[in-house]
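Each chain, letter by letter, is given below.
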Amino acid sequence: PKPDIRIMRGVRLGLFLALPLLSTALSSYDIGSLFTLSIDESNTSGSPLLRVSSAANPDVVVIESLSSSALSEVEVLNDGEKASKGLRGSAIPPFLALGTSKVTKGPIKETQYVMKEREKWFSRTDSMSITAVNQPSPDSLVIEGTIYRSSNRDDTEATFTLTFSSATANPFEAASGASLDFDLQVEDGHGNRVYLNLASPADEKVYGHGLQYTSINHKSKTVPIIISEQGIGRGLQPITGFLNTFVGGAGGDWHTTYGCKPIFVTDRNRGFMLKNTEASIFDYSLLSSQGVEIEVWGYPLSGAIYYYRDTPLSFTEMLTEYTGRMSSLPTWTQEGAIVGLEGGSDIVEEKMAALQGAGVKMVGLWLQDWAGLHHSYDGDRLQWNWKLSDEQYPDWNDLRSGMEASGIKMMTYINPYFQANLDDPDAIPSSQYTTGDAAGYFIKNSANETYPFKSGSIKFGCLDVTNPEAVEWMKDIIKENLIGEAGSYGWMSDFGEAVPFDAVMHSGISGAEHHNEYPELWQKLNRDAVRELGMDDDIAFFSRSAYSKSPGNARVFWLGDQLTTFDEKDGLNTVVIAQQSGGLTGHSLAHSDIGGDTVVGYSFAHHH
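Residues numbered from 1 in each chain as written. Predicted model: local features only at pLDDT ≥ 70, side-chain atom pairs only at ≥ 80, totals over all residues. Heavy atoms only, no water.

Asks: Which residues make up the overall build of the protein, and what values go with them?
Replies: Within the protein one finds 12 helices and 33 strands. Among the 608 residues that make up the protein, the fraction classed as buried is 57%. Partitioning the contacts of the protein with sequence separation of at least 6, the portion at a separation of at least 24 is 69%. (Helix = DSSP H or I, 4+ residues; strand = E, 2+ residues; numbered from the N terminus. Buried < 20%, exposed > 50% of the residue type's maximum accessible area, 1.4 Å probe, protein only. Contact = heavy atoms within 4.5 Å.)

Dropping the structure here:
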């Protein structure tokens, strides 16, 4: 790669655009009644400038291009890693670039994702031009242009059309601010990555991106947007290193999260949302932390930019008009403790009697082992076959009646996976996995076979939530087995992070595009089952995985499996950060386990 030139200071927030000279020095366009977009050709660097501002108040800048006169100092970096991600010799990078990248290893290994890539920078584009600017209606503006492989512009890579349009009517915009939609179409492109380069002052604070457990202000960090298992330790040593090395990457990292979103909001009264579901990476270290590079693993692109008037709540109000807004929980959930126990009828009854004898006000009893246990080398784990286990709870109905008589509601557990290797071989022929596999209800591999998943000792198939028949089958399981047979008034709606990039779905959507979308459809399935029974005001299921539109269907989120510590990497401190980060992007109702969840049983993985 060529030397990496990065701007050190003097940068204003905005978009980088490399534009050809137009016929006039300054062209301005009103987009609807709220925004004005200006293109200035007088920039001495030869790159016209783009500026989007409030039509009512031109001083409120939503996005603005970088002027060469603002560059007072540059630094040439020859470090190989930085050069491979940098500007490749251009002081002002193009707003839009294409590239080709390849994941170095399979994207999934027992639900753990690897973000490392081998970059083929010879195919990453260096230049772009604008060939036309049209305004087909007062509410939209269309910019057409060409993307070139190199700065001399003698090798066309692709053409593009970038459309800005006033967002659909939003009842919060008049009081809260305004939003502007964008849509990017690329024709004849050969790459599989799109890069948007934006500028941002070094002192601008950037928040959001869903449930982020370590970082509040993401400035200078690189934030991957791909949902995954959170990991155990997430940087706390030596636990993280031990688990990443010896337990298949189970330690995670500071950025691994069940519920990330391509959405951010800043303290400069502006925000950004990407509507794509493909994986993306937001690099806030660009230009010595004075820019952000948004890398998206596919195209076309669509999204929105925002400015808000007062507090970030104004942004969240506008945002959740698109993503969906969480609704109030059933009243009973706020009137006492929900106690999570397991171990069978005798153990549960003993512990509940002790709690009741101590005068503990309880409203729920959550038994995640209601469907039985799987016994193997990795311990006693839940059996993923979603019907009541007579072996684990032979007197379930008596237990249920006793709890309900005391005003305590039963709660259970479910996930979208179905276990193939049940402990009892005689149960396999009639198992839910066997039924779903025969009916084609699970996501498939390239050979049109059920995609083989493995979580420790458990082999399983993953429900295809793009298959309408599979969705109806799963809703019937929830209605008949959880709500009907078990009398459940809520459940953990677990997982949803495991779709491989090479999976084949019923709808034809690629695994790469469906991976982040899966939680949204999984939560919709759960909510639809409840609504179809007319029990939306009574039942509270709690979800873990999430993407942008999850708040519209999830009842409440729980923040995953923290360590039973107070450390800042993976302890109880992190749930406070996640509550704040998630709340800004629509996670208004969330909770964590009171005492954490995970204890690592390897003594040499702990500090002494």
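Asks: Can you tell me about the packing of helix 9 (residues 468-485) against helix 11 (residues 518-532), naming the residues and giving the values?
Replies: Between helix 9 and helix 11, the least distance of the axes is 9 Å, while the angle of their chain directions is 55°. As summarised for this structure, helix 9 and helix 11 are arranged oblique, according to the angle between their axes. Two packed elements cross with a definite hand, and for helix 9 against helix 11 that hand is right-handed. Between helix 9 and helix 11, the contacting residues are Val471, Met474, Lys475, Ile478 and Lys479 on the first element and Trp522, Leu525, Asn526, Asp528, Ala529 and Glu532 on the second. The residue inventory of the contact of helix 9 with helix 11, partitioned by class, reads 6 nonpolar, 1 polar and 4 charged. (Axes fitted to C-alpha atoms, helices over the stretch in contact; angles between N-to-C directions. Parallel < 35°, antiparallel > 145°, perpendicular 65-115°, else oblique. Left-handed = near helix turned anticlockwise from the far one by under 90°. Nonpolar A, V, L, I, M, F, W, Y, C, P; charged D, E, K, R; others polar.)

Asks: For the packing of aromatic side chains, give the residues involved together with the corresponding values.
Replies: Counted by the stated rule, this structure contains 28 aromatic pairs. Every member of this aromatic cluster is reached through a ring pair, and the members are Trp384, Tyr417, Tyr451, Phe453, Phe460 and Phe495. Over the ring of Trp332 we find Lys409, and its NZ or CZ is 5.9 Å from the ring centre. (Phe/Tyr/Trp six-rings, centres within 6.5 Å; stacked < 30°, edge-to-face > 60°. Lys NZ or Arg CZ within 6 Å of the ring centre and 35° of its normal.)

Asks: Can you break down helix 8 (residues 432-439) residue by residue, with the values?
Replies: Where helix 8 is concerned, the buried positions are Gln432, Tyr433 and Gly436. Looking straight down helix 8, one finds that the buried residues subtend no more than 95° of arc, so they occupy a single side. Tucked inside the fold, the buried residues of helix 8 contact strand 27 (417-419), strand 29 (458-462) and helix 9. Just beyond helix 8, the residue with positive phi is Gly440, at close to 75°. (Arc of directions from axis to C-beta.)

Asks: Requested: an account of unusual backbone geometry, with residues and values cited.
Replies: With an omega of 5°, the peptide bond running from Gln237 to Pro238 counts as cis. If you trace the backbone, Pro238 turns up in the loop between strand 16 (222-225) and helix 3 (239-246). Omega for the bond connecting Tyr299 with Pro300 falls within 30 degrees of zero, at 15°, which places this linkage in the cis form. With respect to the helices and strands, the residue Pro300 is situated in the loop between strand 20 (291-296) and strand 21 (301-308).

Asks: Can you explain helix 5 (residues 312-323)? Please cite residues and give values.
Replies: Owing to its 3.6 residues per turn, the α-helix brings residues three or four apart onto one side. Between its first and last C-alpha atoms helix 5 spans 16 Å; for 12 residues at 1.5 Å apiece the expected length is 16 Å, and the two agree. Along helix 5, the positions that sit buried rather than exposed are Ser314, Phe315, Thr316, Met318, Leu319, Thr320 and Thr323. Phi turns positive, to about 100°, at Gly324, one or two residues after helix 5. (Expected span 1.5 Å × (residues − 1).)

Asks: Help me get a handle on a negative patch on the surface, residues and values and all.
Replies: Together, Asp380, Glu391, Asp423, Asp424 and Asp426 line one region of the surface with negative charge. Topologically, Glu391 is positioned in the loop between strand 25 (379-382) and helix 7 (396-405). When its relative accessible area of 75% is taken as the criterion, Glu391 is described as exposed. (Patch = residues over 30% accessible without salt bridge, like charges linked within 9 Å, V, L, I, M, F, W, Y side chains within 5 Å. Areas by Shrake-Rupley, 256 points an atom, 1.4 Å probe, with all protein chains shown as cover. Salt bridge = Lys/Arg side-chain N within 4 Å of Asp/Glu carboxyl O. Lys, Arg positive; Asp, Glu negative; His and termini not counted. Charge placed at Lys NZ, Arg CZ, Asp CG, Glu CD.)

Asks: Could you give an account of the environment of Ala250, naming the residues involved and the relevant values?
Replies: Along the chain, Ala250 turns up in the loop between helix 3 and strand 17 (260-266). The exposure class assigned to Ala250 is buried, which follows from its relative accessible area of 16%. Taking the C-alpha atoms as reference points, Ala250 and Ile232, 18 residues apart in sequence, are found 6.2 Å from one another.

Asks: Describe the pairing of strand 26 (residues 409-414), with residues and values.
Replies: Within strand 26, 5 of the 6 residues are buried, which leaves the element mostly enclosed by the surrounding structure. Relative to strand 26, strand 23 (residues 362-367) runs parallel, the two sharing 3 bridges. Looking at the pairing, Gly364 lines up with Lys409 of strand 26. (Pairing = 2+ DSSP bridges.)

Asks: Hey, could you go over the confidence of the model for the protein for me, with residue numbers and the actual values?
Replies: Close reading of the predicted structure is inappropriate where its pLDDT is low. The predicted model of the protein averages 85 in pLDDT, with 84% of residues at 70 or higher. Predicted confidence for residues 117-122 stays below pLDDT 50, and this span has 18 contacts to residues more than four positions away or in other chains. (pLDDT = per-residue confidence, 0-100.)

Asks: Give a description of the sheet that holds strand 31 (residues 542-543) that names residues and reports values.
Replies: The parallel open sheet is built from 7 strands, whose spatial order is 22-23-26-30-31-32-33. Two strands lie at the open edges of the sheet, namely strand 22 (337-341) and strand 33 (590-591), each paired on one side alone. Bridging between strand 26 and strand 30 (residues 488-493) involves 4 bridges; their strand directions are parallel. Following the sheet pairing, Thr412 is matched in strand 30 by Trp491. Packing of helix 11 onto the sheet brings it into contact with strand 26, strand 30, strand 31 and strand 32 (556-558), and relative to strand 30 it is tilted by some 175°.

Asks: So what's going on with the pattern of salt bridges? Residues and values would help.
Replies: Applying the stated criterion across every chain yields a total of 20 salt bridges. Asp203 is paired through a salt bridge with Arg268; the nearest N and O atoms lie 2.7 Å apart. Here Asp203, found in the loop between strand 14 (193-199) and strand 15 (206-210), pairs with Arg268, found in the loop between strand 17 and strand 18 (270-274); they are 65 residues apart in sequence, far enough to count as distant. With a relative accessible area of 52%, Asp203 lands in the exposed category. Between Glu204 and Arg270 there is a salt bridge, with its nearest N and O atoms 3.8 Å apart. Taken together, the residues span a long stretch of sequence, with Glu204 in the loop between strand 14 and strand 15 and Arg270 in strand 18 at a distance of 66 residues. Each of the salt bridges in this network shares a partner with another, and the network as a whole consists of Glu229, Asp494, Glu497, Arg544 and Asp561.

Asks: Give me the lowdown on the pairing of strand 21, citing residues and values where you can.
Replies: Where a strand is regular, its side chains alternate between the two sheet faces. Of all 8 residues making up strand 21, 7 are buried, and the element is well covered by its neighbours. Sheet topology places strand 13 (residues 177-187) next to strand 21; 8 bridges connect them, and they run antiparallel. Following the sheet pairing, Asp183 is matched in strand 21 by Ser302. The sheet contact formed by strand 18 and strand 21 spans 5 bridges and is antiparallel. Bridge pairing in strand 21 places Arg270 opposite Tyr307.

Asks: Go over the side chain of Ser548, please, and point to the residues and values.
Replies: Take Ser548: it is sitting in the loop between strand 31 and strand 32. Ser548 has contacts with Lys261, Pro262, Ile263, Thr323 and Glu520, leaving out every residue within four places of it along the chain.

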